[in-house]
Amino acid sequence: MTIAITGTGSALPEKIVTNFDLEKLVETTDEWIQKRTGIAERRISDGETVSTLAAGACKKALEMAGKTADEVDLILVATCSPEMLLPCCACQVQELLGASGAAAFDLNAACSGFLFALNTAYAYLHAGIYRNALVVGSEVLSKLVDWKDRGTCILFGDGAGAAFVEAGAEAIIRSNGRRAGMECMVQGADGTKGMVLSCAERAVNNAFIPERQAESPYIRMDGQEVYKFATKQVPACIQDALDRVGLAVEDVDWFILHQANVRIIESVAKRLKVDIAKFPMNIHQIGNMSSATIPVLLDEWNRSGSIREGDRLVLSGFGAGLTYGASVLVW
């Protein structure tokens, strides 16, 4: 059985916030932000929600795959910023799409969320439980950002990316001899370092305990610790995935990484000893959209024609938790 991505899609808010706009809110400069992160602008919700962005991305993925909503078996939404605790975002997306026959649930692994959801979809399809799945990463991080904290407000943006994944009975051999579909997936977590990147929910506060002061509802991050984790764990995770299927970095055509920071991506390329040209980036225009960054970049690179049939891709990222993962696939 082969498991392959047959459609991609993305949706971004219309509103663009530049570094020069942020100069009016906090003590920072465009030069300072770009030098340290590579970000020049980001998309910020002007009313779009996690579910509406996700549904928009899903519609485009279905269109590319030549499928209708009533053919969808499973909807997985990776998000850490839903508008509602109940119902889950995936059920809202199901309603917006009209995919009444699909099972639907959310998954939260922060910036690694899309990879974890893709792995989950793979498990369902490989087991024969479902034939296909819509896998979405969608975030509205702008509501979780303290716009007075220059260490975090410069980083994050809003958006959604989706992939339609199908199971096939027979392997498809590309012209270069590679077998199309998923080749390997690895994922992991280090909860001992979880609080270096956090955002509080409602505190335990009920009629049977003394009232507690609520924690800050905004994202808090120790940037140096996150950087150290990412630059060490991501290349190790990629190498692990390649080793499991007997491949070398030279066998990979494109490395589609979580768009958190240009310096992190450059460090990963250096550690793997791979030409940075194999690492496409869109962080300059979009910023860090957590679980949405990998599928949005994948869709952008796919629709531009940069990804050709038979290309081997590595998708990899890291996030709060701390979580990390990598997937190897042939287009």
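Our subject is the structure that appears above.
Summarised in this report is the structure supplied together with it.

Rules and cut-offs
- Residues numbered from 1 in each chain as written.
- Predicted model: local features only at pLDDT ≥ 70, side-chain atom pairs only at ≥ 80, totals over all residues.
- Heavy atoms only, no water.
- Helix = DSSP H or I, 4+ residues; strand = E, 2+ residues; numbered from the N terminus.
- Rg over C-alpha atoms; globule rule 2.2 N^0.38 Å.
- Contact = heavy atoms within 4.5 Å.
- Areas by Shrake-Rupley, 256 points an atom, 1.4 Å probe, with all protein chains shown as cover.
- Phe/Tyr/Trp six-rings, centres within 6.5 Å; stacked < 30°, edge-to-face > 60°.
- Buried < 20%, exposed > 50% of the residue type's maximum accessible area, 1.4 Å probe, protein only.
- Lys NZ or Arg CZ within 6 Å of the ring centre and 35° of its normal.
- Axes fitted to C-alpha atoms, helices over the stretch in contact; angles between N-to-C directions.
- Parallel < 35°, antiparallel > 145°, perpendicular 65-115°, else oblique.
- Left-handed = near helix turned anticlockwise from the far one by under 90°.
- Nonpolar A, V, L, I, M, F, W, Y, C, P; charged D, E, K, R; others polar.
- Pairing = 2+ DSSP bridges.
- Right-handed = clockwise from strand over helix to strand, strands pointing away.
- Salt bridge = Lys/Arg side-chain N within 4 Å of Asp/Glu carboxyl O.

Glancing now at the overall build of the chain. Assigned secondary structure in the chain consists of nine helices and 13 strands. Computed over its C-alpha atoms, the radius of gyration of the chain comes to 19 Å, within 12% of the 20 Å expected for a compact globule of 331 residues. Projecting the C-alpha coordinates of the chain onto the three principal axes gives extents of approximately 60 × 45 × 40 Å. A sequence separation of at least 24 residues applies to 76% of the contacts in the chain between residues at least 6 apart. Roughly 14,900 Å² of accessible area belongs to the chain as shown, and the carbon and sulfur atoms make up 50% of that amount.

Turning next to the packing of aromatic side chains. Enumeration according to the criterion identifies five aromatic pairs in this entry. Geometrically, the ring pair formed by Trp254 and Trp301 is edge-to-face, given 5.4 Å between the ring centres and 80° between the ring planes. Within this pair, whereas Trp254 is found in strand β11 (residues 254-257), its partner Trp301 is found in helix α9 (residues 293-303), the two being separated by 47 residues in sequence. The pair formed by Trp254 and Trp301 is uniform in burial state, with each residue classed as buried. The ring of Trp32 is capped by Arg150, whose NZ or CZ atom sits 5.4 Å from the centre of that ring.

Within the fold, Val135 resides in strand β6 (residues 132-140). Of the residues examined, Val135 reaches a relative accessible area of 0% and is grouped as buried. Sequence spacing of Val135 and Val165 is 30 residues, and the spatial spacing of their C-alpha atoms is 7.4 Å. Other than its neighbours up to four places away in sequence, Val135 contacts Leu76, Phe114, Ala117, Leu118, Ala121, Gly161, Ala162, Ala163 and Val165.

Where helix α6 (residues 223-244) meets helix α7 (residues 262-272), the axes come as close as 9 Å, and the angle between the chain directions of the two elements is 45°. Accordingly, the angle class assigned to the pair α6 and α7 is oblique. For the pair α6 and α7, the sense of crossing is right-handed. Along its contact with α6, which presents Tyr227, Ala230, Thr231, Lys232, Val234, Pro235, Ile238 and Gln239, the element α7 presents Arg263, Ile264, Ser267, Val268, Arg271 and Leu272. The class makeup of the residues in the contact of α6 with α7 is eight nonpolar, three polar and three charged.

Before going further, it helps to examine the pairing of strand β4 (residues 74-78). Most of β4 sits out of view: five of its five residues are buried. Residue alternation in β4 divides its side chains into two sets, Leu74, Leu76 and Ala78 and Ile75 and Val77, and both sets are buried. Bridge count for β4 against strand β5 (residues 103-107) is five bridges, and the pairing is parallel. Paired with Ile75 across the bridge in β5 is Ala104. With helix α4 (residues 89-97) bridging β4 and the parallel β5, this β-α-β connection has right-handed handedness. The sheet contact formed by β4 and β6 spans four bridges and is parallel. Bridge pairing in β6 links Ala78 to Gly137.

Take the sheet that holds strand β8 (residues 181-189) next. What the four strands build is an open sheet, ordered β8-β13-β12-β11; its pairing is mixed. The strands lining the two open edges of the sheet, one partner per strand, are β8 and β11. Taking the axes of each pair of neighbouring strands and ignoring which way they run, one obtains an average angle of 15° across the sheet. Inspection of the sheet shows β8 paired to strand β13 (residues 323-330) by eight bridges, in the antiparallel sense. Opposite Met185, over in β13, you have Ser327 as the bridge partner. Each of β8, β12 (312-319) and β13 touches helix α5 (residues 113-126); the most contacted strand, β8, lies at about 125° to it. Seen against the sheet, α6 touches β8, β11, β12 and β13 and runs at an angle of roughly 35° to β13.

Moving on: the pattern of salt bridges. Side-chain pairs of opposite charge can arise where the charged atoms are in close proximity. Inspection of every chain in the model, using the stated rule, returns 12 salt bridges. Note that Arg131 and Asp73 form a salt bridge whose closest N and O atoms lie 3.0 Å from each other. Within this pair, whereas Arg131 is found in the loop between α5 and β6, its partner Asp73 is found in the loop between α3 (50-65) and β4, the two being separated by 58 residues in sequence. Given a relative accessible area of 56%, Arg131 falls into the exposed group. Its relative accessible area of 11% is what places Asp73 among the buried residues. The partner of Lys228 in a salt bridge is Glu225, with the nearest N and O atoms 2.9 Å apart.

Read these as spatial facts, not as claims about activity.
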